[in-house]
Amino acid sequence: MRVSVIGCGHLGAPHAAAMAELGHEVIGVELDKDKCAALSAGIAPFYEDGFGELLAKHVGSGRLRFSTDLAEAADFAEMHFLAVGTPLREDGCGYDISCLTGVVESLAPLLWRPCTIVGKSTITIGTVAALQRIIDARSTIGEIELVWNPEFLREGHAVQDSLSPDRIVVGVSSAAAQKAMEEVYAPILARGVEMIVTDPATAELVKSAANAFLCTKISYINALSEACSLVDADVNTVAHAIGIDERIGHAGMRPGIGYGGGCLPKDVAAFSHRLGELGADRARALLESVRDVNAARIAIAVELIERAHGGPLDGVPVAFLGASFKAGTSDLRHSPALALVDRLIALGARPVIHDPEAIPGLRRQRPDLRCADTVEEALTGADVVVIATEWPQFTKDASLPALASAAARGRVLVDVRNAVEADPWSANGWHVWQLGRPALHPQHGIAAPAGAGAR
Ligand SMILES: NC(=O)c1ccc[n+]([C@@H]2O[C@H](COP(=O)([O-])OP(=O)(O)OC[C@H]3O[C@@H](n4cnc5c(N)ncnc54)[C@H](O)[C@@H]3O)[C@@H](O)[C@H]2O)c1
């Protein structure tokens, strides 16, 4: 099939490469000239596991190309995926869908052959109907159906999730559109992946409901970690024990500095606002509590770092490991790690930041921050080490505690992702502080600071 993907960012570019891998002929349309040039040269403009390789493979095979020209895509493709951004409006009252409306307003009059438009961006209830009205008013060839096909990929696993999704949801209005969706996803459906065929309004709601639930799970364990701190209980053990019940599960149940990124914060805010508009007040109140818990996480992490250091952070050199909003991606959008850095700087601390993938982007976006190219450089002379993104390089590397012992001045580790195996650190003489857990102090009889709960 000949397909276009309009908007080649974190969602669209991996989707375009995945479509090529499935055997389709693909054109990606990207407004940003620099991004389009990089993609055209087979160079990934951001880090996503496996994306650079897949992009280079299919730019090389000739099955995938990119353009800034929407008319080229209109001429070429029989299916057009929409993957432009839907940020939160500045007043917080729902999504800004101007990129989507702009694309359908421009695309509809350019179409001259039967085709399907397929939305993948995240939207709120009622948007498909509004966009379909624009298409109907502007199309010169009669009816063109707008299908909604929400995307559930996890950043950091975008390629894997695009090629092997756990489900495909399509909101369609006709049997012909359903057939087109079955055709474009045929290789995936052949492997037994379920395609849930529904109406557009239900498809819109599925995506909002999924992301709001993920946020709720994260805030639930974070709220519990607050309770655990009050009684010196261990939230990691609580999460492990309750998660054995398959109705609860372990995924998304690790305490930390909260959800972030380009999707969850805006999606739960927009959904909550829409629920309020619809009069679903109890659902809205639930999601507002979820947002409150999340908003408090940075202050709670700062308190923990102050407690671990044993006093105010003014002038304190901090090795700050992690900048991206989560491991596996270089995405810095609404990164809780960066929110924490900013709070530490406001308190006078002197963080030096290292991240395995996000440093080039961070240097461009935030030239005011001190960045290090290596872990060693970040650790040198630090009084406190903070792990703020759960990269395996920081949490699984068994040699890191010894390296940190040699480079850092203090032996205070604050893991605000509760991702580190604390024992090797403690064995190397470190005090390990995590959220909602008693601190672990060095083995070999080194005394714990006064007032610290100990494991
Ligand atoms: N990032 C994810 O993991 C993910 C997952 C599921 C859903 N989504 C949803 O997908 C949508 C896109 O998210 P993203 O993270 O990829 O955003 P993004 O900002 O990374 O990408 C959007 C891209 O669209 C381009 N663009 C804007 N207007 C355009 C136009 N008129 N023509 C061509 N290109 C245009 C931008 O330059 C940008 O590169 C959002 O609605 C998001 O909520 C994202």
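All values reported here derive from a predicted model rather than from experimental measurement.

Draft legend 1. Broad picture of the side chain of Arg 274. Along the chain, Arg 274 falls in helix α12 (residues 264-278). At a separation of 2.8 Å, a polar atom in the side chain of Arg 274 contacts the side chain of Glu 277. Residue contacts for Arg 274: discarding those within four places in its chain leaves Thr 124 and Ile 125.

Draft legend 2. Structural view of unusual backbone geometry. Of note in this structure, His 334 is not a glycine but carries a positive phi near 45 degrees. Here His 334 shows up in the loop between β9 (317-321) and α15 (336-346). Phi at Asn 418 takes a positive value of approximately 45 degrees, unusual for a residue other than glycine. When you line up the elements, Asn 418 lands in the loop between β12 (412-415) and α20 (422-427).

Draft legend 3. Looking closely at the site of the ligand. Surrounding the ligand, one finds 25 residues, the nearest of these being Leu 11, Glu 30, Lys 35, Thr 86 and Lys 266. Contact with the protein chains hides 87% of the accessible area of the ligand, taken as 820 Å² for the molecule alone. Here the shell around the ligand spans two domains, and each of domain 1 (2-198) and domain 2 (207-295) adds at least three residues to it.

Draft legend 4. Structural view of the domain arrangement of the chain. Considered domain by domain, the chain is made up of domain 1 (2-198), domain 2 (207-295) and domain 3 (298-434). With centres defined by C-alpha atoms, the gap from domain 2 to domain 3 works out at 24 Å. Tallying the contact residues gives 14 residues for domain 2 and 15 residues for domain 3. In this assembly, domain 2 packs against domain 3 so that about 1,100 Å² is buried in total across both faces, 55% of it on carbon and sulfur atoms. Considering only the side of domain 2, the residues that lose the most area to domain 3 are Arg 254, Ile 257 and Gly 261, jointly responsible for 51% of the buried surface there. Linking domain 2 with domain 3 are 0 salt bridges. Our count for the domain 2 to domain 3 interface comes out at 5 residue pairs in polar contact (both at pLDDT 80 or more). Among the residues making up the side of domain 2 that touches domain 3, the classes are represented as 6 nonpolar, 6 polar and 2 charged.

Draft legend 5. Structural detail: the UniProt feature "domain: UDP-glucose/GDP-mannose dehydrogenase C-terminal" (unreviewed entry) in the chain. Feature annotation in UniProt assigns "domain: UDP-glucose/GDP-mannose dehydrogenase C-terminal" (unreviewed entry) to the following positions: residues 319-422. Secondary structure over residues 319-422 splits into 35% helix and 15% strand, and the C-alpha atoms at its two ends are 17 Å apart.

Draft legend 6. Focus on the UniProt feature "binding site: NAD(+)" (unreviewed entry) in the chain. According to UniProt, the feature "binding site: NAD(+)" (unreviewed entry) maps to Lys 35, Thr 86, Thr 122, Glu 155, Lys 266 and Arg 333 in the numbering used here. Across 299 residues in sequence, these annotated residues place their C-alpha atoms as far as 23.6 Å from one another, rather than forming a single compact spot. Those annotated residues that line the largest cavity are Thr 122. Mapped onto the fold, Lys 35 is located in helix α2 (residues 33-40). Locating Thr 86 in the fold gives a position in the loop between β4 (79-82) and α5 (98-107). By relative accessible area, Thr 86 is classed as buried at 4%.

Draft legend 7. Up close: the pattern of salt bridges. Here the structure, examined in full by the defined rule, presents 20 salt bridges. Here Arg 154 and Asp 161 are joined by a salt bridge, their closest N and O atoms 2.8 Å apart. Here Glu 226 makes a salt bridge to Arg 297, at a shortest N to O gap of 3.7 Å. A residue pair is termed long-range when its members are at least 10 positions apart, and Glu 226 in helix α10 (residues 200-230) and Arg 297 in helix α14 (residues 297-309) qualify at 71 residues. Residue classification places Glu 226 among the partly exposed residues on the basis of a relative accessible area of 31%. You can call Arg 297 buried: its relative accessible area is 1%.

Conventions we followed
Residues numbered from 1 in each chain as written. Predicted model: local features only at pLDDT ≥ 70, side-chain atom pairs only at ≥ 80, totals over all residues. Heavy atoms only, no water. Helix = DSSP H or I, 4+ residues; strand = E, 2+ residues; numbered from the N terminus. Polar contact = N/O pair within 3.5 Å; in protein donor to acceptor, adjacent residues only side chain to side chain. Contact = heavy atoms within 4.5 Å. Near = heavy atom within 4 Å. Areas by Shrake-Rupley, 256 points an atom, 1.4 Å probe, with all protein chains shown as cover. Domains from an automatic or database assignment. Buried area = accessible area lost by both parts, 1.4 Å probe. Salt bridge = Lys/Arg side-chain N within 4 Å of Asp/Glu carboxyl O. Nonpolar A, V, L, I, M, F, W, Y, C, P; charged D, E, K, R; others polar. UniProt positions renumbered as here; feature names shortened; annotations may be inferred. 1 Å grid on protein atoms, 1.4 Å probe; cavity = no way out; pocket = protein on both sides within 12 Å on 5 of 7 lines; lining within 4 Å. Buried < 20%, exposed > 50% of the residue type's maximum accessible area, 1.4 Å probe, protein only.

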